[in-house]
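Report on the structure
Okay, here's what each chain looks like letter by letter:
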Amino acid sequence: PHKDAYLRSIKRMHLILRICASAALAILVASCGPSPEFMVVREIDGEAWHRDSMLVFEVPITDTSATYRVEIDLRHAGDYSYRNLYLGRDVLNAAGTVYEDTVEFQLASPDGRWLGEGIAGLKTLSLAYRQEGLRFPKAETYRFRVQHLMRDEPLRGIHSVALKLYRSDGKN
């Protein structure tokens, strides 16, 4: 009975630390640098991302003359099993696929140290969608889709994925 109570208290403390870490990160992101024109975070239920669970972000684009810097923010647990994460990504509009690729997210250095920022066992990393940014041919809603391509089913340890768009001033 004492062991069960102890385990429950550890789980509660872990949850409280996650909430505090998320709040601190939100404050940090809000207070530093330019604000994204679009930002949506998709939480992964139970940190168990199923291969067939594609994350979808609907992004309304009105300025077709702008170049957008697009970033994916990945938050993972410190007990994630790998140094990397392979993602399949695409962008669709009403006519079909506008852009599609596969990318490898490096989460740890070769010596095993986690990259990115974070506290309380969660690390957050940002990856540019494309170094040269994205331009959109039509003013409409674009659908960004992200799916993990790892072998594990489900993939454990991924907390959330965020998509952010910044209007570029041409200097990035």
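Read on for a plain summary of the structure. Computed from a predicted structure; not experimentally measured.

**Structural notes on the side chain of aspartate 90**
- Along the chain, aspartate 90 turns up in strand 5 (residues 84-93).
- A polar atom in the side chain of aspartate 90 sits 2.7 Å from the side chain of arginine 145.
- If near-sequence neighbours (up to four positions away) are discounted, aspartate 90 is found in contact with Tyr99, Glu100, Tyr129, Arg143, Phe144 and Arg145.

**Quick notes on the pattern of salt bridges**
- Counted under the stated rule, the structure contains 10 salt bridges.
- Among the ionic pairs, aspartate 73 bridges to lysine 164, the shortest N-O distance being 2.8 Å. Note that aspartate 73 is positioned in strand 4 (residues 67-77) and lysine 164 in strand 11 (residues 158-167), a separation of 91 residues in sequence. Just as aspartate 73 is buried, lysine 164 falls in that class too.
- Among the salt bridges present, the one from arginine 113 reaches aspartate 111, with a minimum N-O distance of 3.1 Å.
- The exposure class assigned to arginine 113 is exposed, which follows from its relative accessible area of 57%.

Reading guide: rules and limits
Here the residue numbering is sequential within each chain, running from 1 through the sequence in written order. At least 70 in pLDDT is required for a residue's local features to be given in this predicted model, at least 80 for side-chain atom pairs to be given and counted, and no such filter applies to totals for whole chains, interfaces and linings, which use all residues. Remark: hydrogens and water are excluded; side-chain values derive from all non-hydrogen atoms of the structure. Strands are runs of DSSP state E lasting at least two residues, helices are runs of H or I lasting at least four, and both sets are numbered from the N terminus onward. Within 3.5 Å is the distance limit for a polar contact, defined as a pair of N or O atoms, with the added protein rule that one can donate a hydrogen and the other accept it, and that residues adjacent in sequence qualify only through two side-chain atoms. Contacts are assigned to residue pairs with any non-hydrogen atoms lying within 4.5 Å of each other. Put simply, a salt bridge is a Lys or Arg side-chain nitrogen that is within 4 Å of an Asp or Glu carboxyl oxygen. Burial classes: relative accessible area under 20% of the type maximum marks a residue as buried, over 50% as exposed, and values in between as partly exposed (1.4 Å probe, protein chains only).

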